[in-house]
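Commentary on secondary and tertiary structure
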Amino acid sequence: MKKILGLTLAAVLIIAAVGGSTWAYFSDTESSANNTLSAGTMDLNINGGNSAVTTFSVTSAAPGDSGNGSSTLANAGNMSGELDITFSAVTNTGGSGGGEYEDGVGNLGAAAQIAVYIDVDSSSSWTAGDIGLKSDATIYAHPTALAYAVINSYGGKTWDAIETMAASASDKFAVAWQVPTSAGNNIQGDSVSFDITFTLEQAAED
Amino acid sequence: MKRVSFIILTLIMTVQLLAMFGSTSAYFVDTERSVNNRLTAWVTETVTLLTDGFEGSPWDGNWNGNGTTAWVRTSSTKHAGSYAAQSTKTAHGFLTSDNLDTSPALSMTVTFWFNPKSLEAGDTIIQRYNGSSYVNWYDVTAYPTYRNNQWNQFSETITDAQYFTGSFRLRFNSTALVDNGEDITIDDVVITIVRER
């Protein structure tokens, strides 16, 4: 009986071996290695860095005077982004130095005017392709003349999705200012100031 | 059953809200600032360079730095105080101010009172010195306020930059005043400038 069992087991093993070789179909294997997901970068620079700057600071402005100030905005990341700009509230300070016409009331922001634009070609002047920012929070394009408006009217305004800045692109943000000759003595010694926030964001966000 | 449905619905809404706001706030955004942008207006002041009623001693102390004064002082005709400067047939020529530094001026105002008597055109010319030459300004007889034998005020503001010099002078030129009965009297001369403080 033991002999029969032994022979049967041997026969099964032999059949299994033969059958095994019969099941070896063709096959091949490759691999996909080093699959990675890397995040892009969104990095707005102003004047080459990430610290707050001052775009213009003018002292002793008089009726009839005018000038310009600018800061360079650069997309230092590797993704394109939409540019938004927001003006803070405008602060008027009255002259108080004891001058003949210094009345302590800040009137300059209602008299002095600015025109704000994106100097896309960084030509330092208002030229074709540049984007103007009106004081009513709308935008306009060259060759429409630069739209000057009193500084007070820019307070708290936001211009959304002004342009799409490609990676590595840079533009100038320009402020042209002027004090009309009609400005009276009541602006003497006054000052007007404001801050500006620039935001570069993914196009999908609003 | 209703309670289970409510819990499931709440869970679904919560997940959806998280998905909406969670993903939105996670977009890439970078912000930079431009601060302290400022425009400041100037402050001006008015400075008096000359005020003279010819009351001092010497009476022409403010007028003798550029040659001999041909005019005389009189007490018989004056606008204020006790004296005035006068030119007559026998005292005609120049009454010229000393050099005045008007170089920082944004504007200059010249004011004085004059009392003419029987003047003819050209008898007395008011001139300004620009640092290199005298330039005729007004013939007194042609000045708008001119009235014979009365005190008239002369008041003019100069904005022409050629007169903003380190050696501005005001000159009364009466070299042509040579006839009997003619004279002119000047009093209370004031010259001011407006400059940036």
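Residues numbered from 1 in each chain as written. Chains lettered and ligands numbered in written order. Predicted model: local features only at pLDDT ≥ 70, side-chain atom pairs only at ≥ 80, totals over all residues.

**As for the overall build of chain B**
Of the regular secondary structure elements, chain B holds one helix and 11 strands. Reading the secondary structure of chain B in the N-to-C direction produces α-β-β-β-β-β-β-β-β-β-β-β. Taken over 197 residues, chain B has a buried fraction of 34%. Of the contacts made within chain B by residues no fewer than 6 positions apart, 79% connect residues no fewer than 24 positions apart. (Helix = DSSP H or I, 4+ residues; strand = E, 2+ residues; numbered from the N terminus. Buried ≥ 20, exposed ≤ 12 C-beta atoms within 10 Å, placed from the backbone. Contact = placed C-beta atoms within 7 Å.)

**Some points on the interface of chain B and chain A**
Facing the 23 residues of chain B at the interface are 46 residues of chain A. At the level of secondary structure, the elements contributing two or more residues to the side of chain B that touches chain A comprise β1 (29-41) and β2 (44-52) of chain B. Tallying contributions element by element places β1(B) first for the side of chain B that touches chain A, with 13 residues. A per-class count over the side of chain B that touches chain A returns eight nonpolar, eight polar and seven charged. As paired elements, strand β13 (residues 191-201) of chain A and β1(B) share 10 bridges and run antiparallel to each other. Bridged to L200(A) within β1(B) is D30(B). (Nonpolar A, V, L, I, M, F, W, Y, C, P; charged D, E, K, R; others polar. Pairing = 2+ DSSP bridges.)

**Observations regarding the nonpolar core**
Counting residues in each nonpolar core, the largest one holds 39 residues, and the members touching the most others are I85(A), L108(A), A112(A), I114(A) and F198(A). Elements with a contribution of two residues or more to this core: β1 (44-46), β4 (81-87), β6 (113-119), β12 (170-178) and β13 of chain A together with β1 of chain B. Excluding residues that lie within four positions of it along the chain, I85(A) makes contacts with L133(A), W159(A), I162(A), I196(A) and F198(A). Listed in part, the 31 residues of the second largest apolar core include L95(B), F114(B), V140(B) and F172(B). (Core = buried A, V, L, I, M, F, W, Y, C linked by C-beta atoms within 7 Å.)

**Observations concerning the pairing of strand β11 (residues 183-196) of chain B**
All names here are of chain B. Where β2 meets β11, eight bridges bridge the pair, whose relative direction is antiparallel. Its bridge partner lying in β11, L50 is registered against I191. Pairing of strand β4 (residues 84-88) with β11 involves four bridges; the strand directions are antiparallel. Residue pairing across strands places T88 opposite D183, the latter belonging to β11. Examined bridge by bridge, strand β6 (residues 105-117) and β11 share 11 bridges and lie antiparallel to one another. Each bridged residue has a counterpart across the sheet, and for A105 the counterpart in β11 is R195.

**Some thoughts on the environment of Q162(B)**
Residue and element names in this part refer to chain B. Secondary-structure assignment places Q162 in the loop between β9 (152-158) and β10 (169-173). Take Q162: there are 12 C-beta atoms within 10 Å of it, and that puts it in the exposed class. Separated by 27 residues in the primary sequence, Q162 and V189 place their C-alpha atoms 21 Å from one another.

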